[in-house]
Amino acid sequence: MGSDEGSERLGRPDLDPTRPHPARRYNYWLGGKDNFQADRDAGDAIAKVFPHIRTAARENRAFMQRAVRHLTREAGVRQFLDIGTGLPTADNVHDVAQGIAPESRIVYVDNDPLVLSHARALLTSSEEGVTAYIDADVRDPEKILADPAVRSTLDWSRPIALQLVAIMHFVEDHEDPYGIVSRLVAALPAGSYLMLSHATFDPLDAETIAAMNAINENIKPRFCPRTLAEVSRFFTGLELLEPGIVSVSDWRPEPGPRPTAAEATGYGAVARVG
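Residues numbered from 1 in each chain as written. Predicted model: local features only at pLDDT ≥ 70, side-chain atom pairs only at ≥ 80, totals over all residues. Heavy atoms only, no water.

Draft legend 1. Quick peek at the side chain of Arg-24. One can find Arg-24 in helix α2 (residues 22–29). When near neighbours in sequence (up to four residues on either side) are disregarded, Arg-24 contacts Leu-15, Asp-16, Arg-19, Asp-34, Asn-35, Phe-36, Asp-39, Leu-87, Asp-112 and Leu-114. (Helix = DSSP H or I, 4+ residues; strand = E, 2+ residues; numbered from the N terminus. Contact = heavy atoms within 4.5 Å.)

Draft legend 2. Expanded view of the pattern of salt bridges. This structure, assessed with the given rule, holds twelve salt bridges. Across the salt bridge formed by Asp-137 and Arg-139, the nearest N and O atoms sit 3.0 Å from each other. The exposure class assigned to Arg-139 is partly exposed, which follows from its relative accessible area of 29%. Three or more residues are tied together by salt bridges with common partners; here these are Arg-24, Asp-39 and Asp-112. (Salt bridge = Lys/Arg side-chain N within 4 Å of Asp/Glu carboxyl O. Buried < 20%, exposed > 50% of the residue type's maximum accessible area, 1.4 Å probe, protein only.)

Draft legend 3. Main features of the confidence of the model for the protein. For the protein, mean pLDDT is 90; residues scoring 70 or higher make up 95% of the total. Between residues 1–13, whose pLDDT stays under 50, and residues either more than four places distant or in other chains, the model counts 26 contacts. (pLDDT = per-residue confidence, 0-100.)

Draft legend 4. The arrangement of the packing of helix α3 (residues 37–49) against helix α11 (residues 206–216) in detail. Where α3 meets α11, the axes come as close as 9 Å, and the angle between the chain directions of the two elements is 165°. It follows from the interaxial angle that α3 and α11 lie roughly antiparallel. In the crossing of α3 with α11, the sense of the turn from one axis to the other is right-handed. Contacts between α3 and α11 involve Ala-45, Ile-46 and Val-49 on the former and, on the latter, Thr-208, Ala-211, Met-212 and Ile-215. For the contact of α3 with α11, a count of residues per class yields six nonpolar, one polar and no charged. (Axes fitted to C-alpha atoms, helices over the stretch in contact; angles between N-to-C directions. Parallel < 35°, antiparallel > 145°, perpendicular 65-115°, else oblique. Left-handed = near helix turned anticlockwise from the far one by under 90°. Nonpolar A, V, L, I, M, F, W, Y, C, P; charged D, E, K, R; others polar.)

Draft legend 5. Just the packing of helix α4 (residues 53–73) against helix α5 (residues 93–100), in detail. Interhelical geometry of α4 versus α5 gives an angle of 30° and a closest axis separation of 9 Å. Viewed along their axes, α4 and α5 adopt a mutual orientation that is roughly parallel. In the packing of α4 onto α5, the handedness of the crossing is right-handed. Between α4, through Met-64, Gln-65, Val-68, Arg-69, Thr-72 and Arg-73, and α5, the contact on the second element is made entirely by Val-93, Val-96, Ala-97 and Ile-100. Of the residues assigned to the contact of α4 with α5, the class counts are six nonpolar, two polar and two charged.

Structure, rendered in structure tokens:
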């Protein structure tokens, strides 16, 4: 589905195809078809001033997949709470984790009605494992943590990997992004992990930053790239895994050439809790 008449078929009155949504815009940059004209127009406007945006989207997703593989294979994690899931594509969290450990349990969280309509694609699971999906917003961590599906799908006496991948840069400073992450992390059992990636303008030139900021004035939710120091605050008190907070392309990369920090424009890191 890639057309505006899809909202009628979905029967979701809260799905507004005239307003771009980050999950659908991201889907468009990744080459997906689950987006509307408003999402494509917004995506193209950003691509016009920052031609590497599709590379940045791909690199962010590749970071997530590498981090899930590491946590499953090397750290023995079998539970994932993925907030800001986005639309299903190839190699989602459960595909990667259950491909290594079939008993892995995953809860997906997103607030886009179109993601909800595609939740069945996220709920395919190995026989040994479990996947669940809830419709919720990262800005309401207490609601997420109290949700029956979250409480019953995940074993809160065992480590959980909290995933905040390319989501916190849509939470503005006045919405208390650091408090949100702190409350989510505080609820995790000892031995859990925080996986976070975040957009940044640090490696960009002044002209590109000015053009991106001009576009950002008309984007809702507002896009809030942060500096290395600001991203580092999300990991206060946690034990960063090597190589620390780096460009998403440089976090435990596969062999071979990879994009520059200016092309990836995002920081990524994984840290241990407690």
